[in-house]
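Residue strings, one per chain:
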Amino acid sequence: MSKEKLKILFAAAEVVPFAKTGGLADVSGALPKALKELGHEIIVVMPRYYKIDRRKLKKLEAPLGVPMGIMGELWAGVYMSSLPQSDVPIYFIDYEEYFGRHGLYEDENDGYSDNDNRFVFFSKAALQLCKMLQFTPDIIHANDWHTAAMPLLSQTRFKHDFAHAASVLTIHNLQHQGNFYKGIMDVLEVGWEHFNPHEFESFDRVNLLKGAIEQADAVTTVSKKYAEEIQTQEFGFGLEHHIQAHAEKLFGILNGVDYEEWNPSLDKFLAQKYDFDDMAGKLECKRDMQKHFNLEMRDDVPLIGFVGRFAEQKGIGLIAGIIDNILDLDVQIIMLGTGEKWAESFFSNVAKKRENFALHVGYSDALAHKIEAGSDMFLMPSLFEPCGLNQIYSLRYGTLPIVRAAGGLDDTIVNFDEAHEHGNGFKFYEASQEAFYYTVLWAVNIYTHDKESFEKMQLLAMQQHFSWSDAAKSYEEVYQYALSKKRI
Ligand code: ADP
Ligand code: GLC
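Once a new chain begins, its residue numbering starts again from 1 and follows that chain's sequence as written. Whichever chain is written first becomes A and whichever ligand is written first becomes 1, with later ones labelled in order. Selection of residues for local features in this predicted model requires a pLDDT of at least 70, selection of side-chain atom pairs for listing and counting requires 80 or more, and totals for whole chains, interfaces and linings are taken over all residues. Only heavy atoms go into the side-chain values, all of them from the structure, while hydrogens and water stay out.

1. Focus: the layout of surface pockets
Its boundaries defined by the atoms lining it, the second largest pocket holds a volume of some 650 Å³. As for the second largest pocket, its lining consists of 29 residues, and the residues nearest its centre are Val 16, Pro 17, Pro 84, Glu 261 and Asp 365. Going along the chain from the N terminus, every DSSP run of H or I of four or more residues is numbered as a helix, and every run of E of two or more is numbered as a strand. At the level of elements, α1 (23-37) and α13 (365-374) are the ones that each hand at least two residues to the lining of the second largest pocket. The greatest single-element share of the lining of the second largest pocket, amounting to five residues, is contributed by α1. An automatic or database domain assignment is the source of the domain bounds shown. When residues of the lining of the second largest pocket are sorted by domain, at least three fall in each of domain 1 (7-256 + 468-487) and domain 2 (280-462). With a 1 Å grid laid over protein atoms only, a set of points is called a cavity when a 1.4 Å probe fits there but cannot get out and a pocket when it is open yet has protein on both sides within 12 Å along at least five of seven lines; lining residues have an atom within 4 Å of a point. Grid points are joined across faces, edges and corners, and a volume is the space filled by probe spheres set on the points.

Quick look at the structure:
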């Protein structure tokens, strides 16, 4: 493999620990560090949202002019810091009118009506910033629809400075495509000739992700299985044919885990730390959760956890459909999540009625860690799941995942095989309440009646390693592929 040292611009709408709604932030906080460790020079760029305290950042003197087509030029501030435990610089684009809001993309589940302007502005600002820093990237790495305009911008409006840069688009979630009124073309300034059915145009609207799938030199997604799935009608969200047409430049690279952050032997949030060679702390964490959630204090009852966005994707409909049947078993369930209002009120009602169920509606890093550690099993019945991080975190905490075999869940979870006492979790295939229920029942039975197998699986799971360093090497190969296409 080439040892060429690359200059990489990595742009994302959310980055841990600065702003997060989901796994995109975990990836954006970890992958750049792993790429840096391989010897590349990388800068990360994200918006400066209201909740990111400017006082903790360094301000760059010069303001940044961002050309916005018919809207004229807008002026942004730029702040900087570095990713924790690293010297990877991260820059924040500060523009109060667009990003000085409580939400990242929405308030109360309603997407902001100017999300098109907000993220086209951000994409352009990230490129302008490179010019200001005199950082000439070899690779422009865009993530999801928010930065999907960058590949084409770099070859049109910004061609003068980026003509030699290759672009890579990572799809973390195909459901969200950046679908907007076509007038945004006049702000994009890439030329209306790109408003055609092979690029941005979709039902007379602009689809940013669709355009980028055509325009990027390489496209990646976050597991091998999802790379296959998005070429089918079931998972393609209308873009399956478009993706099939570009399949030769599509790569599936599984996300890794930041084991400094998600590690029961280091985790500062836990009631007691533990590891596979000393599991006593896990029981303390379970008791801590039972106490916190006001559940009956019992060591022998299986405690099942859920952490995630209350979104259809996560299978919350399936959970809602069978929750009463599961709660009729001798189990306890704890859930942490926020999102769709129907789900928040539905599960709140369940919590009022059932004493073996508890819920925290909201977002809490500390609780997410505590639930991972304190639970015996973890629910992830997703309808689709590009990668999924929580099931991989669960493995490290010895909390056996119960998952639907979709995308990254299928790639990471090996179904328990009773005959050979092998596996790291419990899987079902059909997205039906029956399949889900019987899999939970099965897992609960193994927990209750075959402790030996259960514990063996836990120990195996805890010793698995999903490394960012391996993933970064795969991205390195994709970068080389993208560059080689560019240089032909
Ligand atoms: P997605 O990105 O689709 O939401 P992932 O499994 O990749 O799914 O990542 C979700 C991330 O967000 C995990 O780090 C998880 O712990 C975190 N998370 C989701 N919901 C919450 C919440 N309510 N409180 C704290 N962390 C959450
Ligand atoms: C998306 C996906 C999730 C994935 C994450 C990080 O939000 O829904 O499956 O793990 O991005 O790539």
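This is not the end of the story, as more comes after the structure.
2. A short note on the site of ligand 2
The full set close to ligand 2 counts 14 residues, and His 172, Asn 255, Gln 313, Glu 385 and Gly 388 are the nearest of them. The term polar contact refers here to a pair of N or O atoms within 3.5 Å; inside protein, the definition further demands a hydrogen-donor-capable atom paired with an acceptor-capable atom, and it admits residues adjacent in sequence only when both atoms are side-chain atoms. A distance of 2.9 Å separates an oxygen atom of ligand 2 from a polar side-chain atom of Asn 255. Within the contact set of ligand 2, an oxygen atom lies 2.5 Å away from a side-chain nitrogen or oxygen of Glu 385. For the area figures, the Shrake-Rupley method with a 1.4 Å probe applies, and any residue is considered shielded solely by the protein chains shown. The fraction of the free accessible surface of ligand 2 (310 Å²) that becomes covered by protein chains is 94%. Ranked by residue count, the leading element in the shell around ligand 2 is α1, at three residues. All residues other than Ala, Val, Leu, Ile, Met, Phe, Trp, Tyr, Cys, Pro, Asp, Glu, Lys and Arg, Gly among them, are scored as polar; the first ten of these are nonpolar and the last four charged. When the residues that make up the shell around ligand 2 are grouped by side-chain class, the tally is six nonpolar, six polar and two charged. Composition of the shell around ligand 2 by domain shows at least three residues from each of domain 1 (7-256 + 468-487) and domain 2 (280-462). Definition of nearness: a residue and a molecule or strand are near each other if at least one heavy atom of the residue lies within 4 Å of the molecule or strand.

3. Re the sheet that holds strand β20 (residues 400-404)
Criterion used throughout: strands pair if DSSP finds at least two bridges between them. Strand order in this open sheet of six strands is β18-β17-β16-β19-β20-β21, and the pairing throughout is parallel. What marks the edges here is a single partner per strand, and that holds for β18 (357-361) and β21 (426-428). Averaged over all neighbouring strand pairs, the angle between strand axes comes to 15°, with direction disregarded. Here strand β16 (residues 303-310) pairs with strand β17 (residues 332-339) via eight bridges, running parallel. Lines fitted to C-alpha atoms define the axes here, with helix axes fitted over just the stretch in contact, and angles between the N-to-C directions of these axes take values from 0 to 180 degrees.

4. With respect to the site of ligand 1
Not every one of the 22 residues close to ligand 1 is listed here, only the nearest: Lys 20, Gly 23, Arg 309, Lys 314 and Leu 389. Here an oxygen atom of ligand 1 and a side-chain polar atom of Lys 20 are 2.7 Å apart. With the chains in place, 93% of the 560 Å² that ligand 1 exposes on its own is no longer accessible. At the level of secondary structure, the elements contributing two or more residues to the shell around ligand 1 comprise α1, β16, β17 and α14 (390-396). Sorting elements by how many residues they give to the shell around ligand 1 places β16 first, with three residues. Taken together, the residues that form the shell around ligand 1 break down as eight nonpolar, nine polar and five charged.

5. Some details on the packing of aromatic side chains
Put simply, two rings from Phe, Tyr or Trp (the six-membered ring, in Trp's case) pair if the centres are within 6.5 Å, and we call them stacked under 30 degrees between planes, edge-to-face over 60, tilted for the rest. Under the defined criterion, the tally for this structure stands at 28 aromatic pairs. Both rings, one in Tyr 49 and one in Phe 99, keep their centres 5.9 Å apart while their planes meet at 90°; by these two values the pair is edge-to-face. One end of the pair, Tyr 49, is in the loop between β2 (41-47) and β3 (58-59); the other, Phe 99, is in helix α2 (residues 96-99), with 50 residues separating them in the sequence. Accessibility here uses a 1.4 Å probe with only protein chains present; expressed as a share of the type maximum, an area under 20% marks a residue as buried, one over 50% as exposed, and anything in between as partly exposed. On the accessibility criterion, Phe 99 (0% relative accessible area) is buried. On the basis of an interplanar angle of 80° and a centroid distance of 5.1 Å, the ring pair of Phe 426 and Trp 442 is categorised as edge-to-face. Here Trp 442 lies in helix α16 (residues 433-449) and Phe 426 lies in strand β21, a separation of 16 residues in the sequence. The rings of Tyr 49, Tyr 95, Tyr 98, Phe 99, Tyr 105, Phe 119, Phe 121, Trp 145 and Phe 180 are connected pair by pair, giving a single aromatic cluster. We count a charge as sitting over a ring when the NZ of a lysine or the CZ of an arginine lies within 6 Å of the ring centre and within 35 degrees of the ring normal. Above the plane of the ring of Tyr 112 lies Arg 101, whose end atom (NZ or CZ) is 4.7 Å from the centre. Looking at Lys 451, its charged tip hangs above the ring of Tyr 447, at a distance of 3.4 Å from the centre.

6. Section: empty space enclosed by the protein
This structure, assessed with the given rule, holds one cavity of 30 Å³ or more. Around the largest cavity sit Ile 171, Ile 213, Val 219, Ile 243, His 246 and Leu 250, which together line it. By residue class, the composition of the lining of the largest cavity is five nonpolar, one polar and no charged.

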